[in-house]
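Chain residues, written in single-letter form:
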2 protein chains.
Amino acid sequence: MTERLVVIGGDAAGMSAASQARGRRDPQDLRIVAFEKGRHASYSACGIPYLVGGEVSDPQDLVARRPEVFRDELDIDLRLRSEVTEIDLGRRAVAVHDHRGGGRYWEPFDQLVIATGGLPHRPDLPGAQARGVYGVQTLDDGIALLDVLESERPRRAVVVGAGYIGLEMAEALVRRGLEVSLIDGGDQPMGTLDPDMGALVADALRDLGVKVLLGEPVEGFSESGGRVTGARTGSRSVQADLVVLGLGSRPNTALAEAAGVPVGETSGIRTDRRMRTAVEGVWAAGDCVETFHLVSRRPVAIALGTHANKQGRTAGINIGGGYAAFPGVVGTAVSKICEYEVARTGLTTAEAAQAGFETVEEIVESTTRAGYYPGARRMRTKMIADRRTGRLLGAQIVGQEGAAKRIDALAVAVWQEMSVEDVSGLDLSYAPPFAPVWDPILIAARKTAERLERLGTRG
Amino acid sequence: MTERLVVIGGDAAGMSAASQARGRRDPQDLRIVAFEKGRHASYSACGIPYLVGGEVSDPQDLVARRPEVFRDELDIDLRLRSEVTEIDLGRRAVAVHDHRGGGRYWEPFDQLVIATGGLPHRPDLPGAQARGVYGVQTLDDGIALLDVLESERPRRAVVVGAGYIGLEMAEALVRRGLEVSLIDGGDQPMGTLDPDMGALVADALRDLGVKVLLGEPVEGFSESGGRVTGARTGSRSVQADLVVLGLGSRPNTALAEAAGVPVGETSGIRTDRRMRTAVEGVWAAGDCVETFHLVSRRPVAIALGTHANKQGRTAGINIGGGYAAFPGVVGTAVSKICEYEVARTGLTTAEAAQAGFETVEEIVESTTRAGYYPGARRMRTKMIADRRTGRLLGAQIVGQEGAAKRIDALAVAVWQEMSVEDVSGLDLSYAPPFAPVWDPILIAARKTAERLERLGTRG
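Note that the coordinates shown come from a computational prediction; the quantities given were computed from them, not determined experimentally.

So, how was this worked out
- Residues numbered from 1 in each chain as written.
- Chains lettered and ligands numbered in written order.
- Predicted model: local features only at pLDDT ≥ 70, side-chain atom pairs only at ≥ 80, totals over all residues.
- Heavy atoms only, no water.
- Helix = DSSP H or I, 4+ residues; strand = E, 2+ residues; numbered from the N terminus.
- Buried < 20%, exposed > 50% of the residue type's maximum accessible area, 1.4 Å probe, protein only.
- Axes fitted to C-alpha atoms, helices over the stretch in contact; angles between N-to-C directions.
- Parallel < 35°, antiparallel > 145°, perpendicular 65-115°, else oblique.
- Left-handed = near helix turned anticlockwise from the far one by under 90°.
- Contact = heavy atoms within 4.5 Å.
- Domains from an automatic or database assignment.
- Buried area = accessible area lost by both parts, 1.4 Å probe.
- Expected span 1.5 Å × (residues − 1).
- Pairing = 2+ DSSP bridges.
- Nonpolar A, V, L, I, M, F, W, Y, C, P; charged D, E, K, R; others polar.

**Some thoughts on the side chain of A:Arg313**
Tracing the backbone shows A:Arg313 in helix H8 (residues 305-319). Taking the relative accessible area as the measure of exposure, A:Arg313 reaches 13% and is therefore buried.

Quick look at the structure:
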């Protein structure tokens, strides 16, 4: 008998799962229906700021696989504008609202993949529902914002939130010629970095012309005729024709929770390494799940396309009859803000303290290439080690072109639980166009190891 | 009593050793004399091609620490143009020829660091000693070549050898406006890469206008009045006003061997991990030593500034009374040839076979950034795994800007003996300006793991 797979959510995680399952099982063996409530599937949500900023000119460029490819080549019944409104685990069926006018219907399943993604944080503040207040979670959101920029030519924008998305959006809007104010309640941009590293980014944004207002939580939005006209903090009002919310997201688990699929302490859906939820035949992947942090040994919810792809792929291989496991994460992330590249892996100082580590750290200033080689750029590398064992717990890099991708070598070192002493001996690539003869990573590891040695606490 | 340290060779390894020893022991405790036969000490030999090509305008830019710094700030008695001509282990002294006119004298030591570097391969061919045939081993060599380029304005050059140095020199001479022919007996440039990766580099050189003659060993040089006029291969003659030898180097061990300091099977000086030779109180570091390859588990001699620095530092810390060890290498290297970046780590297919591994490999074409992001460049990644265990044995990358430094993540993975399966699950950094959502490294690892799975031989 043909088994029926239903996938809720047509972006990275959902469509990876569907594709992998299809790759291992033909349509006679497995029927696959994927529901996506928006107009687009399988796109790069991370690319939206570049669409808004103009570096990417066509929204279709962000689409990895067009709907026809799923339907015609992979025999995956992808239904756009089809929103799943309920999961009935007893009947093994989902209720679907067809926004194209097809009404509501039930679709039965034997296997279910929940890939409902993230829900943008939308502050519960006066005026937050006014017209002109935009989120940028989905490609539809991005296209809507782009339309407004082109048709209404707003002059002033407020971006709320100085995390990755907020910063990327602030830069994008400056590129579009808007006057931009960036407002955040925290004391620095990039709350996921340590303060000593985030300060550089604030300066870069100011250099670009962004008005950076930190330590001032937004308390509400002013509006006129239902349309936003500005934002208020405790100490000022900022006029705006447009507000963009860049506050990040949390796992979108309403459907799963209503159906009784257990969520974890981070409020993401709990799965095992094979992406199975606690309910037989129900899988979950992507921004809606929580995963395991290999350094803190705690669950975390991290919304990132690369995890979503891997998790979806893992679920799909397992549904297809193979074996795959998602091993967890070490908190690696990278972003480009103006001319700065910003990257992290492992734990920050604060996170390490929270996870019970006593830490030792060093910050090293160096260059991306040999100092004498044209195009050498500044970079700052921070390394955080466990004081007791010398284990590398985390690292951060802020620098100009060529700096950030170096974080990957450290992500592997963190993953492998290497000590900073061992990292300092690594055989990393060297030639003048690529690194000083001591790569900044090696210097940072060495200095951290030396500090540990001075403290006399190495095991 | 004051102990006496003599260092033979004033470049990376020797001066790192001297500096580290000084950092731990003051002049009353340790007197340090360093002999350098050339006019320059502590410079970046790897930077010479960029000096010749014009990217670096002043030879002094390649000097990491000026002689005065060693003398005045570090109390290291650095003697330039002072060539050690003999080591007498019985008398514990070295014979020094002072090329500044000071004659010959003996300098006694308690501890000795041999950092005599590499000796450029100079083919034993007719005409190889003619004027106009240049090596580029030392900064003095580079400056001499530069003088000739500026004063004699040669029009046509032949570069012999298509390894890293030959390629870098060919590019440098094209930049200087010369017509350049590159001649090598091998079938591809970059003999340290596998042929499937080296081919791209040959094309790039041809695009730059270099005449690339492969599979044609040079058989001799023509000369007129003692001055080189061209090079001969088995099948042709190539006219040249200038010949540059870029054939790499071998450990310069004549002094050590004459004194009875044992060399290994690679003909490099043998040391332990602390850089001690077999002779009490005699240390060696840099291009003159052999080191241990952590994948092949065999000794290798690899001339690279980054190893020389680390080894010198290791020797110096130990001489200074601390503890340091040089852990070995995994064969990581990187180079920039025209717009191509070329990198490798671990073993090539051929090296793996030689080391007794049966291998499985994959080559993946991808891009350095998300395909839709401006500036995304092509890159080709090759991965080589042990067929029996799936262990990553080596990797190579050839690509355009942003490709090559990725080798570092793989260098760590090789170092840690990770399997390609484990590499495919790594948490590497992702954002559209830095990588496709599946980093090329992850794709290559995944494809290699899948091939292993298909072969059904995973342990």
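**A closer look at the packing of helix H1 (residues 12-24) of chain A against H8(A)**
All names here are of chain A. Where H1 meets H8, the axes come as close as 7 Å, and the angle between the chain directions of the two elements is 30°. For the element pair H1 / H8, the angle class is roughly parallel. Crossing handedness for the pair H1 and H8: right-handed. For the pair formed by H1 and H8, the contact residues are Ala-12, Ala-13, Ser-16, Ala-17, Gln-20, Ala-21 and Arg-24 on the first element and Ala-308, Asn-309, Gly-312, Arg-313, Ala-315, Gly-316, Ile-317 and Ile-319 on the second.

**Considering the domain arrangement of chain A**
All names here are of chain A. Split into domains, chain A comes out as domain 1 (3-45 + 62-118 + 250-319), domain 2 (122-247) and domain 3 (333-453). Of note, the centres of domain 2 and domain 3, computed from C-alpha atoms alone, are 31 Å apart. Every contact between the two is made by 15 residues of domain 2 and, on the other side, 24 residues of domain 3. Between domain 2 and domain 3 the total buried area reaches about 1600 Å² when both faces are included, carbon and sulfur atoms providing 65% of it. Among the residues of domain 2 in contact with domain 3, Asp-194, Met-197 and Leu-200 are the three that bury the most area, contributing 38% of the side total.

**So, helix H6 (residues 195-208) of chain B**
Between its first and last C-alpha atoms H6(B) spans 20 Å; for 14 residues at 1.5 Å apiece the expected length is 20 Å, and the two agree. Count one or two residues on from H6(B) and you reach B:Gly209, which has phi positive near 105°.

**Digging into the sheet that holds strand S16 (residues 242-245) of chain A**
All names here are of chain A. Ordered in space as S9-S16-S10-S11-S12, the five strands form an open sheet in which the pairing is parallel. Two strands bound the open sheet, and with one partner strand each, they are strand S9 (133-135) and strand S12 (211-214). Strand-to-strand, the axes of this sheet are offset by a mean angle of 20°, without reference to chain direction. The pairing of S9 with S16 spans three bridges and is classified as parallel. Residue Val-133 lies in a different strand from S16, and its bridge partner there is Val-243. Against the sheet, helix H5 (residues 164-175) engages strand S10 (156-160), strand S11 (179-184) and S16, with an angle of about 165° to S11.

**Quick look at the sheet that holds strand S11 (residues 179-183) of chain B**
Residues and elements named next belong to chain B. In spatial order, the strands read S9-S16-S10-S11-S12; together these five strands make up an open sheet with parallel pairing. For this open sheet the edge positions go to strand S9 (133-135) and strand S12 (211-213), each flanked by a neighbour on one side alone. Going across the sheet, the axis of each strand differs from the next one's by a mean of 20°, ignoring polarity. Where strand S10 (residues 156-160) lies against S11, five bridges are found, and the strand directions are parallel. Paired with Val-160 across the two strands is Ile-183, which belongs to S11. Helix H5 (residues 164-175) rests against S10, S11 and strand S16 (242-245) of the sheet, and its axis sits at about 170° to S11.

**Things to note about the packing of helix H10 (residues 407-415) of chain A against helix H10 (residues 407-415) of chain B**
Where H10(A) meets H10(B), the axes come as close as 7 Å, and the angle between the chain directions of the two elements is 20°. Classified by the angle their axes make, H10(A) and H10(B) are roughly parallel. H10(B) is crossed by H10(A), and the crossing has right-handed handedness. Touching A:Asp408, A:Ala409, A:Val412 and A:Ala413 of H10(A) are B:Asp408, B:Ala409, B:Val412 and B:Ala413, all from H10(B). By residue class, the composition of the contact of H10(A) with H10(B) is six nonpolar, no polar and two charged.

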